[in-house]
Amino acid sequence: MTKFFWNALRLSPVILGATLLLGNRVQAAETPVDVVVPTTTTDQAAVPAPQIAASQTPTLVSQVPSNSLAQVTSVSQLSDVQPTDWAFQALQSLVERYGCIAGYPDGTYRGNRALTRYEFAAGLNACLDRVNELIATATADQVTREDLATLQRLQEEFAAEVATLRGRVDALEAQTAELEANQFSTTTVLNGEVIFAISDVFADTAVEGADLEYNTVLGARARLNFDTSFGGRDLLRTRLQAANLDNNSGETGTAMTRLGFDTNTNNDVVIDDFFYRFPVGDAALVQLNFSNLGLDNSLYSFNPALESAGRGAISRYGRFSPIYRTGSGAGLAVSLNPEGPLTISGVFAAPNAADPGAGGVGLFKGAYTALGQIGFRVSDAFTIGATYARSYQNTASGIDLFGSTGSANANAPFGENVATEANHYGAQASLQLGRSLNLSGWVGYSTADALVGPAADADMFYWAATLALQDFGREGSQLGIIFGQPPKVTDSALVEDPDTSYHLEGLYRLQLNQNIAITPGVLVIFNPEHNNANDTIYVGTLRTTFSF
């Protein structure tokens, strides 16, 4: 018997106890590490805010799992191991003399769970490696022949399992090498979403009594996101988009019937979202927007269950408050204390930032929207926010105060050729009751002033409430109901909306599997354009969403 094996036998009593006690460590080591990537099923890019858990923050690097193990140097560090436990002395010896035991980050050992033969074999192999380390450092003394017999028996008993594990490791190494050799990019993740939608509009007449001639249509929208990270916490998103989905407002006579995902590029591929987001320590999150990005892509919009165009509301108004549609464009967004209970956010956006022409455009001299928001997480279930936005629009940018979500009077209270500035005030809230019910809502008030011609002003008002039943009927599925009043001119010296429109929407997203969802939905607009003389309009839609 060589000196190596004779010294190894000195530690053989350790082997049996260690392998029995290392089951937790092996299983935890085999637990797949979570990889969190930016969401692909919402138009928002998982904007961190006090209302969003830290796990939702986009990142392209693996996160440490919650059940990962850490080496302990004293058995007293294990809160669930007591001196009265039958294995206390064995654990104490293994931890303090041999360093062969690890615990969980919460200070527990969890020694009562079962382990498989493979886990036992892996634990045995791990402790044998530890024995070799001790021998190499000349810390092992003589052992008995009984210890030798125990060690040999364990090696023979689990030789097949250890060999199988070795083969599995070799196979994984080969697969990893293959993936590394053929991966798309070391810094970029590719994900996407495709929407197919069948839609039809039903009413006796369109707005103002014209015949409503609308045939059933089929359209699609495809998006590819290239999400790149250079340090693990930053995000460069480049989105390519092509679509041919109809904007039905031309046929119905009102933007109130628009769908939340209607986009038409004539199937040409264009760049849509284009921004770079990076943290400044834990104190701030900065986002540089390079394209015509909506305000909702830069901060939290308080309707988490229904904000997504591909998985949430089917209507444009039902996704989130119109205050997030008061402008869009290139610019800057900053969120202070993004993961804390109180977050302060600011966004500046200019729709013609890239145009240096003489028409008073560009980043600072043309149309713009400046928005500030305070978000407060009252509890893990309840979040509220207050938002203020100031916008300036001219003929170069187009006059559309609420992004086609209210009446024509509300979107252009002084006409489409009159430069307009407006102040917008909004309050939003979201309440999560258990795991299945989400209640959200918003209310907003705006004042606008005409900057061309005779002095004129106008006041607008809107509100909505949403309900979402998650995992309804099937895991991952969702039932949604939205009711509210789209933006309406309540006071103006020029023109006021005479009556009140109401928005009612019902949808059910059936999640067929992780990547495919089918959503039938119905949108009803009562008194379109806030006019009782207009017939009620119904919009039926069947949306199919593929995400990957």
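Residues numbered from 1 in each chain as written. Predicted model: local features only at pLDDT ≥ 70, side-chain atom pairs only at ≥ 80, totals over all residues. Heavy atoms only, no water.

Colleague: What exactly am I supposed to notice about the pattern of salt bridges here?
Modeller: Between side chains of opposite charge, pairing is possible as soon as their charged atoms come close. Tallied over the full model, the rule gives eight salt bridges. Notably, a salt bridge pairs D282 with R233, separated by 3.3 Å at the nearest N-O pair. Here D282 is found in the loop between β6 (270–280) and β7 (284–294), whereas its partner R233 is found in the loop between β4 (217–228) and β5 (235–243), with 49 residues between them in sequence. You can call D282 exposed: its relative accessible area is 64%. The salt bridge partner of R239 is D273, with a shortest N-O separation of 3.1 Å. Here the residue R239 occupies a position in strand β5, and D273 occupies one in strand β6, the gap between them amounting to 34 residues. Owing to a relative accessible area of 2%, R239 belongs among the buried residues under this scheme. Each of R223, R239, D272 and D273 takes part in salt bridges that share partners, so that together they form one network. (Salt bridge = Lys/Arg side-chain N within 4 Å of Asp/Glu carboxyl O. Helix = DSSP H or I, 4+ residues; strand = E, 2+ residues; numbered from the N terminus. Buried < 20%, exposed > 50% of the residue type's maximum accessible area, 1.4 Å probe, protein only.)

Colleague: Looking at this structure, I do not really get unusual backbone geometry. What am I missing?
Modeller: What is expected of a backbone is that most residues other than glycine have negative phi and most peptide bonds are trans. Residues other than glycine seldom take positive phi values, yet N267 does so here, at roughly 65°. Mapped onto the secondary structure, N267 falls in the loop between α8 (249–252) and β6. Assessed through its relative accessible area of 48%, N267 is described here as partly exposed. The phi angle at N527 is positive, at roughly 55°, despite the residue not being glycine. Here N527 lies in the loop between β17 (516–526) and β18 (537–547).

Colleague: Is there a simple way to think about a nonpolar patch on the surface in this case?
Modeller: On the surface, a nonpolar cluster with roughly 570 Å² of combined accessible area is contributed by L336, L342, I344, I374, F376, V378 and I384. The set of elements that each furnish at least two residues to the nonpolar patch consists of β9 (342–350) and β10 (368–377). Tracing the chain through its elements places V378 in the loop between β10 and β11 (382–393). (Patch = residues over 30% accessible without salt bridge, like charges linked within 9 Å, V, L, I, M, F, W, Y side chains within 5 Å. Areas by Shrake-Rupley, 256 points an atom, 1.4 Å probe, with all protein chains shown as cover.)

Colleague: So what exactly am I meant to see when it comes to the packing of aromatic side chains here?
Modeller: The description of an aromatic ring pair uses the distance of the two centres, along with the angle that the planes make with each other. Going through the model one piece at a time under the given rule, you end up with 16 aromatic pairs. Ring centres of F348 and Y368 lie 6.0 Å apart, and the angle between their planes is 15°; this geometry places the pair in the stacked category. Placement of the pair is F348 in strand β9 and Y368 in strand β10, with a sequence separation of 20 residues. Take F348: its relative accessible area is 23%, and that puts it in the partly exposed class. The interplanar angle of 65° and the centroid separation of 5.8 Å between the aromatic rings of W463 and F483 together place this pair among those described as edge-to-face. With W463 in strand β14 (residues 457–470) and F483 in strand β15 (residues 478–492), this pair connects stretches of sequence that are 20 residues apart. For W463, a relative accessible area of 27% puts it in the partly exposed group. (Phe/Tyr/Trp six-rings, centres within 6.5 Å; stacked < 30°, edge-to-face > 60°.)

Colleague: When you look at helix α7 (residues 159–182) in this model, what are you seeing that I'm missing?
Modeller: Helical geometry note: an α-helix holds 3.6 residues per turn, so side chains three or four residues apart project in the same direction. Along its 24 residues, α7 runs 35 Å from first to last C-alpha, staying within 8% of the 34 Å computed at 1.5 Å per residue. Residues of α7 that are buried include every one of E161, V162 and L165, and no others. (Expected span 1.5 Å × (residues − 1).)

Colleague: How should the layout of surface pockets be read in this particular structure?
Modeller: Here the idea is plain: a probe the size of a water molecule rolls over the atoms and shows the empty space left. Roughly 950 Å³ of volume is contained in the second largest pocket. Lining the second largest pocket are 40 residues; nearest its centre among them are N292, G294, R316, R325 and S328. Put simply, the parts of the chain that give the lining of the second largest pocket at least two residues each are β4, β5, β6, β7, β10 and β11. If one sorts the elements of the lining of the second largest pocket by residue count, β7 sits on top with three residues. Partitioning the lining of the second largest pocket into residue classes produces ten nonpolar, 17 polar and 13 charged. (1 Å grid on protein atoms, 1.4 Å probe; cavity = no way out; pocket = protein on both sides within 12 Å on 5 of 7 lines; lining within 4 Å. Points joined across faces, edges and corners; volume = space filled by probe spheres on them. Nonpolar A, V, L, I, M, F, W, Y, C, P; charged D, E, K, R; others polar.)

Colleague: Looking at this model, I keep getting lost on the nonpolar core. Mind explaining?
Modeller: Note that soluble globular proteins tend to have their nonpolar side chains buried in a common cluster. By size, the foremost hydrophobic cluster in this structure holds 28 residues, and its most contacted members are Y324, L401, F402, F414, A448, M460 and Y462. Elements represented by at least two residues in this core include exactly β9, β13 (437–450) and β14. Among the elements that line this core, the one with the most residues is β14, at four residues. Ignoring sequence-local partners within four residues, the contact set of A448 consists of L401, P413, F414, T420, E421, A422, A456, D457, A458 and M460. Listed in part, the 15 residues of the second largest apolar core include A206, Y214, L523 and I525. (Core = buried A, V, L, I, M, F, W, Y, C linked by side-chain atoms within 4.5 Å. Contact = heavy atoms within 4.5 Å.)

Colleague: Is there a simple way to think about the pairing of strand β16 (residues 502–511) in this case?
Modeller: The two faces of a sheet get side chains in turn, since along a regular strand they alternate between them. The alternating pattern of β16 places H503, E505, L507, R509 and Q511 on a buried face and Y502, L504, G506, Y508 and L510 on a face that is not buried. In the sheet, β15 pairs with β16 via seven bridges, with the strands oriented antiparallel. From the neighbouring strand, Q478 faces β16, where its bridge partner is R509. For β16 and β17, the ladder comprises eight bridges, and the chain directions are antiparallel. Bridged to Y502 within β17 is F526. A loop of four residues connects β16 with β17, the two strands running antiparallel in sequence. (Pairing = 2+ DSSP bridges.)

Colleague: Help me out: how do you make sense of the environment of A309 in this one?
Modeller: Structurally, the position occupied by A309 is in the loop between β7 and β8 (328–336). Residue A309 is classed as buried on the basis of its relative accessible area of 0%. Here the alpha-carbon distance between A309 and I195, two residues 114 residues apart in the chain, equals 9.3 Å.

Colleague: Before we go on, may I ask you to explain the side chain of N423 in this structure?
Modeller: Mapped onto the secondary structure, N423 falls in strand β12 (residues 420–433). With relative accessibility at 13%, the residue N423 sits in the buried group. Side-chain polar atoms of N423 contact the side chain of Y388, separated by 2.6 Å. Here the side chain of N423 touches R390 through a polar contact of 2.7 Å, side chain to side chain. Apart from residues lying up to four places away in sequence, N423 is in contact with Y388, A389, R390, Y445, S446 and T447. (Polar contact = N/O pair within 3.5 Å; in protein donor to acceptor, adjacent residues only side chain to side chain.)

Colleague: Even after reading the chapter, I still don't get the side chain of T228, so can you show me in this structure?
Modeller: The topology assignment puts T228 in strand β4. A polar atom in the side chain of T228 sits 2.8 Å from the side chain of T188.

Colleague: Explain the confidence of the model for the protein chain here, please?
Modeller: Parts of the prediction with low pLDDT should not have their coordinates interpreted in detail. For the protein chain, mean pLDDT is 83; residues scoring 70 or higher make up 78% of the total. Here residues 1–42 is a poorly scored stretch, pLDDT under 50, and it has 124 contacts once near neighbours within four places are set aside; other chains count. With pLDDT under 50 throughout, residues 48–69 is counted as low confidence; its partners more than four residues away or in other chains account for 73 contacts. (pLDDT = per-residue confidence, 0-100.)

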